[in-house]
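Structural characterization, general
The primary structure of each chain is shown beneath.
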Amino acid sequence: MTINLTLARQCCHRPRVDDMTLINNYCAHGDVSAAATLLGRYERGLYNFLWQTVRHHQDAEDAKQETICKTLRNLPQFRQQCQFKTWLYRIGHNEAINIVRRRKRIEIHESPERCFDAPPETDMNATPSDQLMQSERVSALQDAIAKLPAKERQVVLLRTQEEMPFKEIARVIDAPLGTVLGRMRNARQRLSALLSQSFAV
Amino acid sequence: MNSNVTEDELLLYWSNELDADRVQAVEAQLQCDPKAAAYLEKLGVLQEAIQDVPQEESRDPITEDTVARYQRTSKITVFPKPLRIAALAACFAILATAGLLVMPPWTTPQAPATARISPEKSTDAEKAVEIAEVANEPLLSDRLFASGSPQSSNARVKAAWERAGRIRGLLAKKRTMR
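Residues numbered from 1 in each chain as written. Chains lettered and ligands numbered in written order. Predicted model: local features only at pLDDT ≥ 70, side-chain atom pairs only at ≥ 80, totals over all residues.

Turning to the overall build of chain A, a few remarks are in order. From N to C terminus, chain A includes 9 helices and 0 strands. Here chain A holds 201 residues, and 34% of them are scored as buried. (Helix = DSSP H or I, 4+ residues; strand = E, 2+ residues; numbered from the N terminus. Buried ≥ 20, exposed ≤ 12 C-beta atoms within 10 Å, placed from the backbone.)

Here's what the structure looks like:
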């Protein structure tokens, strides 16, 4: 028990290895665990980003798989011209766009999936009425986000959820900074109109 | 909102991407412009609200096994650079050795006797006769351009003509026998 606790404490205090070290470990020694750690850091955000673009779980999984394969294949060529996260999301964005284009060709007559299987996190100390209100607010926000055009949705979510700077977002979606800022402005206006009753945005 | 500071600049200020000189201008503007301050506040409220929305999660989380599987499915191999160079050099050496063994540069390729048989000769007997003739004699080039040959060009042409006549005679005899 003591040993386990000591190990756990050591794990907690272990400094976070930076992305470039993990990349070098993978490329130089074929260290699979380094690659898993690196990709695991961004997996959640990446999947959410892909899902928000394609709005379909299976397509998002396909896009994620293809993104990881391409990332692993091209990792030795990564030259720190931008952050690894930006590079990874850029690959993911391209894959998601490919899937959306392919789907348009196939013309799947299927309504986009409703998001978020998981229930929203609620405060355990809150009263049932507060929890209900919170859940309604989250639901209203989800609906409002779903109504945004895909390009605006990407910018809003990368900025607010991923806290990515606008310049990095511009790199991810391969658009000028002015375009990104314009999409953010439009998205904020739309959300403001859609959520005027629930939020003061 | 005052026209000194644009909405884009407020957005960049919000994400800490504005140049230092413009940061001061924006902060001065925020002191005297309640609309700009309210705009920033709304951006903060929006960010907090969206961060409360649960994120979608993959059903196939990334582990070492998954990475290994992706490597296998897409045939990704990662070798250190010196190893890659050594592997390429070894491949080149193997190919070069195999090439030298199959076709050494110090030997001249010689066409097999059967290659010189004309395709019109259809019957087995005709082919057998011609193969025997051709196989038993030296190559035409050797005969015509032998270094020590005293024959003049006319004599060489005459000899070749006589030989062709002999072969024709043989073939005619075979045909009559059949």
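Now, onward.
Glancing now at the overall build of chain B. A count of helices and strands for chain B gives 8 helices and 0 strands. Listing every helix and strand of chain B by position from the N terminus yields α-α-α-α-α-α-α-α. Expressed as a percentage of its 178 residues, the buried residues of chain B come to 12%. A sequence separation of at least 24 residues applies to 44% of the contacts in chain B between residues at least 6 apart. (Contact = placed C-beta atoms within 7 Å.)

Further remarks concern the nonpolar core. Within the largest apolar cluster, 47 residues are counted, with the highest numbers of intra-cluster contacts made by Leu50, Val54, Leu141, Val155, Leu158, Ile169 and Met184 of chain A. Among all residues touching Ile169 of chain A, those that are not within four sequence positions of it are Val155, Leu158, Arg159, Met164 and Val180 of chain A. In terms of nonpolar packing, the next biggest core, distinct from the first, is built from 14 residues, Tyr26 and Leu75 of chain A together with Ile62 and Val67 of chain B among them. (Core = buried A, V, L, I, M, F, W, Y, C linked by C-beta atoms within 7 Å.)

If you look at the interface, chain A gives 45 residues, while chain B gives 34 residues. Looking at the side of chain A that touches chain B, the elements that each hand over two or more residues are α2 (19-29), α3 (32-54), α4 (57-74), α6 (128-147), α7 (150-160), α8 (166-172) and α9 (177-194) of chain A. Considering each element in turn, the side of chain A that touches chain B owes the most residues, 11 residues, to α3 of chain A. Taken together, the residues of the side of chain A that touches chain B sort by class into 27 nonpolar, 8 polar and 10 charged. (Nonpolar A, V, L, I, M, F, W, Y, C, P; charged D, E, K, R; others polar.)

To continue, consider the packing of α3 of chain A against helix α4 (residues 64-73) of chain B. Put simply, α3 of chain A and α4 of chain B touch, their axes get as near as 8 Å, and they point 105 degrees apart. One element, α3 of chain A, and the other, α4 of chain B, form an angle in the roughly perpendicular class. Mapping the contact onto sequence places Val32, Ser33, Ala35, Ala36 and Leu39 of chain A in α3 of chain A and Glu64, Val67 and Ala68 of chain B in α4 of chain B. Grouping the constituent residues of the contact of α3 of chain A with α4 of chain B by class yields 6 nonpolar, 1 polar and 1 charged. (Axes fitted to C-alpha atoms, helices over the stretch in contact; angles between N-to-C directions. Parallel < 35°, antiparallel > 145°, perpendicular 65-115°, else oblique.)

On average, residues of chain B carry a pLDDT of 78, and 70% of them reach 70 or more. For this predicted complex, the interface score ipTM comes out at 0.76, while the overall pTM is 0.64. (pLDDT = per-residue confidence, 0-100.)

When we look at burial in helix α1 (residues 7-14) of chain B, the residues that qualify are Glu9, Leu10, Leu11, Leu12 and Tyr13 of chain B. Residues of α1 of chain B that are buried sit in contact with α8 and α9 of chain A together with α2 (20-32) and α3 (34-52) of chain B. Once α1 of chain B ends, the next one or two residues include Asn16 of chain B, with phi positive near 55 degrees.

This part takes up the environment of Arg153 of chain A. Residue and element names in this part refer to chain A. When you line up the elements, Arg153 lands in helix α7. Taking the C-beta count within 10 Å as the criterion, Arg153 has 20 such neighbours and is therefore assigned buried. In this structure the C-alpha to C-alpha distance between Arg153 and Ala187, which are 34 residues apart in sequence, comes to 7.2 Å. If we ignore the near neighbours within four places in the chain, the residues touching Arg153 are Gln52, Ile145 and Leu148.

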